[in-house]
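# Summary of the model geometry
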Amino acid sequence: MFGKRRSCFWALSLALLFFAGPSWGGQGVGKALDEAMKSRATMPVDEVIQQFQNAAEQTLNPGQKGNVLGLLADFLMEKREWYKAIEIDERILKEGLRRSNLG
């Protein structure tokens, strides 16, 4: 059941990126997040982190930035990179960003 929710979350997140349009500050963030999502399977953790951070920096919307960073934190937890995931969650809190509950 948890896996099904996670899959639904990823699908909804990607759908938001492609259909949110101009509110994401242009097409660059959608493409950057898509590349970050694809990189999770093949790249080292540090490179994936950089991909997600690049995507997060391309949007001015705090909620959307929080969601991108939230996806990164979820990835880090899957990889058992607990301290890095905590750092990302702390960044979300420090910057006053919000994560949507899509699942």
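Anyway, here's the lowdown on the structure attached to this text. (Residues numbered from 1 in each chain as written. Predicted model: local features only at pLDDT ≥ 70, side-chain atom pairs only at ≥ 80, totals over all residues. Heavy atoms only, no water.)

Let's shift gears to the overall build of the chain. Assigned secondary structure in the chain consists of five helices and zero strands. In sequence order, the chain lays out its α and β elements as α-α-α-α-α. Residues classed as buried in the chain amount to 38% of the 103 residues present. Taking the intrachain contacts of the chain between residues at least 6 apart in sequence as the baseline, contacts between residues at least 24 apart amount to 58%. (Helix = DSSP H or I, 4+ residues; strand = E, 2+ residues; numbered from the N terminus. Buried < 20%, exposed > 50% of the residue type's maximum accessible area, 1.4 Å probe, protein only. Contact = heavy atoms within 4.5 Å.)

What follows concerns the nonpolar core. Core analysis: the largest hydrophobic core is formed by 21 residues, its most contacted members being Leu-33, Phe-52, Leu-72, Leu-76 and Ile-88. Per-element accounting of this core gives the leading share, seven residues, to helix α4 (residues 62-78). Excluding anything up to four places from it in sequence, Leu-76 contacts Val-45, Ile-49, Glu-81, Lys-84, Ala-85 and Ile-88. (Core = buried A, V, L, I, M, F, W, Y, C linked by side-chain atoms within 4.5 Å.)

Turning to the packing of α4 against helix α5 (residues 82-94), a few remarks are in order. Two elements in contact, α4 and α5, have axes separated by 8 Å at closest approach and are oriented at 165 degrees. Of the possible angle classes, the one that applies to α4 and α5 is roughly antiparallel. For the pair α4 and α5, the crossing hand works out as left-handed. Between α4 and α5, the contacting residues are Lys-65, Gly-66, Leu-69, Gly-70, Leu-72, Ala-73, Leu-76 and Met-77 on the first element and Trp-82, Lys-84, Ala-85, Ile-88, Asp-89, Arg-91 and Ile-92 on the second. Here the residues of the contact of α4 with α5 sort into nine nonpolar, two polar and four charged. (Axes fitted to C-alpha atoms, helices over the stretch in contact; angles between N-to-C directions. Parallel < 35°, antiparallel > 145°, perpendicular 65-115°, else oblique. Left-handed = near helix turned anticlockwise from the far one by under 90°. Nonpolar A, V, L, I, M, F, W, Y, C, P; charged D, E, K, R; others polar.)

Before going further, it helps to examine the pattern of salt bridges. Under the counting rule described, the total for this entry stands at seven salt bridges. For the salt bridge of Lys-65 with Glu-95, the shortest nitrogen-to-oxygen distance reads 3.6 Å. Taken as a pair, Lys-65 in helix α4 and Glu-95 in the segment after α5 lie far apart in primary sequence, 30 residues in all. Given the relative accessible area of 39%, Glu-95 is considered partly exposed. Members of the salt-bridge network, linked through shared partners, are Glu-57, Lys-65, Arg-91 and Glu-95. (Salt bridge = Lys/Arg side-chain N within 4 Å of Asp/Glu carboxyl O.)

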